[in-house]
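# Working through the structure, step by step
Chain residues, written in single-letter form:
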Amino acid sequence: MSTPTVAVLGGGKIGEALLGGLVAAGRAPGSLLVVEAVAARAVELTDRHGIVAVGAPEAARRADVLVVAVKPGDVPAALDEVRDVLAGRAPGQDRPAVISLAAGIPTAAIEARLPADTAVVRVMPNTPMLVGRAMCVLSPGAAAGETELAAAEELLSAVGRTVRVPESQQDLATALSGSGPAYVFLLAEAMIDAGVALGLPRPVATELVTTTVEGAGGLLTTPGSDGREGADGTVPHPGLLREAVTSPGGTTAAALGSLEADGVRAALARAVTAARDRSVALGRQYG
Ligand SMILES: NC(=O)C1=CN([C@@H]2O[C@H](COP(=O)(O)OP(=O)(O)OC[C@H]3O[C@@H](n4cnc5c(N)ncnc54)[C@H](OP(=O)(O)O)[C@@H]3O)[C@@H](O)[C@H]2O)C=CC1
Ligand SMILES: O=C(O)[C@@H]1CCC=N1
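As recorded in an unreviewed UniProt entry, the protein chain goes by Pyrroline-5-carboxylate reductase and comes from Actinomycetospora rhizophila. Its UniProt record gives the protein chain the following Sequence similarities (unreviewed entry) comment, quoted word for word: "Belongs to the pyrroline-5-carboxylate reductase family."

In the vicinity of ligand 1, 27 residues are found, and the nearest of them are G10, G12, A37, A102 and A103. Only α1 (13–24) and α4 (75–87) provide two or more residues apiece to the shell around ligand 1. Its residues assigned to classes, the shell around ligand 1 shows 15 nonpolar, six polar and six charged.

To continue, consider the environment of M124. With respect to the secondary-structure elements, M124 resides in strand β6 (residues 120–124). Along the backbone, M124 and L101 are 23 residues apart, and their C-alpha atoms lie at a distance of 5.5 Å. With sequence-adjacent residues up to four places away left out, M124 is seen in contact with V137, Q170, A173, T174, S177 and G178.

With that settled, the discussion passes to the sheet that holds strand β7 (residues 134–140). Here we have eight strands laid out as an open sheet, ordered β3-β2-β1-β4-β5-β6-β7-β8, and mixed in their pairing. Each of the sheet's edge strands pairs with one partner strand only, and the pair in question is β3 (52–53) and β8 (160–164). Where β7 lies against β8, five bridges are found, and the strand directions are parallel. Bridge pairing in β8 places A134 opposite G160. Sheet strands touched by helix α6 (residues 146–157): β1 (6–9), β4 (65–68), β5 (97–100), β6, β7 and β8. Its angle to β7, the strand with the most contacts, is close to 170°.

All right, on to the packing of helix α8 (residues 180–197) against helix α9 (residues 202–220) then. One can describe the packing of α8 onto α9 by two numbers: an axis separation of 9 Å at closest approach and a directional angle of 145°. Handedness of the α8/α9 crossing: right-handed. Facing V184, A188, M191, I192, G195 and V196 of α8, the residues of α9 in contact are R202, A205, T206, L208, V209, T210 and V213. Looking at the contact of α8 with α9 residue by residue, the class counts come to nine nonpolar, three polar and one charged.

All right, on to the site of ligand 2 then. For ligand 2, the full set of nearby residues is A103, T174, G178 and S179. Considering only residue class, the shell around ligand 2 consists of one nonpolar, three polar and no charged.

Here the focus is the nonpolar core. Generally speaking, a soluble globular protein has its nonpolar side chains buried in company with each other. Ranked by internal contacts, the top residues of the largest apolar core, which has 58 residues, are L9, L18, A59, V67, V68 and V123. Here A59 is in contact with A7, L9, L33, V35, V54, L66 and V82, once residues within four sequence places are set aside.

Turning our attention to the environment of A78. Mapped onto the elements, A78 comes out in helix α4. Measuring from C-alpha to C-alpha, the distance between A78 and A90 comes to 21 Å, with 12 residues separating the pair along the chain. Beyond its immediate chain neighbours, meaning those up to four positions away, A78 contacts L9, G10, V68 and V70.

The interhelical angle for the contact between α1 and helix α2 (residues 39–49), taken along N-to-C directions, is 20°, at an axis separation of 11 Å. Considering their axes alone, α1 and α2 lie roughly parallel with respect to each other. In this structure, the crossing between α1 and α2 has a hand that is right-handed. Here E16, L19, G20 and V23 of α1 lie close against α2, whose contacting residues are L45, R48 and H49.

Turning to the domain arrangement of the protein chain, a few remarks are in order. Each assigned domain of the protein chain is listed here: domain 1 (6–165) and domain 2 (180–282). For domain 1 and domain 2, the distance between their C-alpha centroids amounts to 32 Å.

Our next topic: the pairing of strand β2 (residues 32–35). Residues L32 and V34 line one face of β2 and the alternating positions L33 and V35 line the opposite face, and both faces are buried. Pairing between β1 and β2: four bridges, direction parallel. Considered in β2, the bridge of L9 is made with V35. Handedness of the crossover joining β1 and β2 through α1: right-handed. Sheet topology places β2 next to β3; two bridges connect them, and they run parallel.

Thresholds, definitions, all that
- Residues numbered from 1 in each chain as written.
- Chains lettered and ligands numbered in written order.
- Predicted model: local features only at pLDDT ≥ 70, side-chain atom pairs only at ≥ 80, totals over all residues.
- UniProt positions renumbered as here; feature names shortened; annotations may be inferred.
- Near = placed C-beta within 6 Å.
- Helix = DSSP H or I, 4+ residues; strand = E, 2+ residues; numbered from the N terminus.
- Nonpolar A, V, L, I, M, F, W, Y, C, P; charged D, E, K, R; others polar.
- Contact = placed C-beta atoms within 7 Å.
- Pairing = 2+ DSSP bridges.
- Axes fitted to C-alpha atoms, helices over the stretch in contact; angles between N-to-C directions.
- Left-handed = near helix turned anticlockwise from the far one by under 90°.
- Core = buried A, V, L, I, M, F, W, Y, C linked by C-beta atoms within 7 Å.
- Buried ≥ 20, exposed ≤ 12 C-beta atoms within 10 Å, placed from the backbone.
- Parallel < 35°, antiparallel > 145°, perpendicular 65-115°, else oblique.
- Domains from an automatic or database assignment.
- Right-handed = clockwise from strand over helix to strand, strands pointing away.

Following this line, the structure appears as structure tokens:
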């Protein structure tokens with residue numbers, strides 16, 4: 001069987017993360033299409049990843065999987081551009097499944113703008129997709145069955161990990177893993193700046209911090225790294241990993257005491273709540 005054609009509506013940050021990640025994972029660029037409103041951006045995607053840009057009707061005609069990767073407010077217009085061509089394709093296997101990456105937009109709102117019984121899978125990805133380290137959170141729409149969900153998982157597993165959740169949990173997934181990389185980048189940026197402020201050359205501070213974040217990520221995802229028995233697939237506990245760094249009366253305890261006094265946990269809880277609420281609001285506004 002030939003490789004299914006994946007067409008991505010919107011070649012921005014997340015569209016490129018998906019397309020670039022798929023190419024980096026070994027997928028033939030010829031099996032990928034992008035529809036991108038900004039002409040110069042389309043040229044960039046061709047130059048960087050060898051992806052061909054086409055118009056929305058052609059994408060709708062050729063796609064086996066249609067990915068919606070435009071901003072939430074642009075979703076209705078993007079769907080309107082493909083609806084008629086999709087309606088002209090036979091329902092069932094000939095009609096592509098739709099994977100929506102748009103934050104906040106419910107599957108029901110997407111289904112309402114497409115031909116009846118279009119299979120829609122809502123996915124919250126994140127930008128580490130570009131380097132094959134995505135967290136993609138999937139929920140099926142009303143007409144998406146096991147076949148479409150499994151196909152979406154197979155596609156996205158090339159660029160990272162996948163997990164299924166009920167759609168009611170998607171706004172929270174958006175707040176944790178969708179936006180989450182930005183929290184880590186902010187933390188890294190602030191640590192680098194602090195090191196520079198205290199006298200380290202910026203390239204040195206940057207190498208120290210980025211390698212530390214990478215190493216900490218490795219510990220967080222390596223079963224048994226927290227010293228618990230078994231290494232049997234148990235997810236390491238962040239608290240135990242943190243304790244292992246924290247020598248009695250030492251430097252880490254001093255830093256953590258300062259962070260707690262500044263309310264870092266409450267600040268993160270408020271941030272995640274704000275992101276979740278914004279996702280809900282986007283769905284109400286544009287869904
Ligand atoms: N960035 C991220 O980390 C993540 C983003 N998402 C979701 O992905 C979606 C895209 O986000 P992001 O990539 O950051 O946004 P971008 O603005 O970077 O990319 C969207 C691109 O699509 C273009 N566009 C707009 N309308 C159309 C259209 N009708 N047809 C084709 N292209 C169009 C935009 O052009 P123009 O600029 O002219 O509007 C822009 O170049 C959003 O819904 C977001 O919620 C989900 C998870 C993570
Ligand atoms: O900021 C946003 O709205 C998108 C969704 C998750 C990450 N970026």
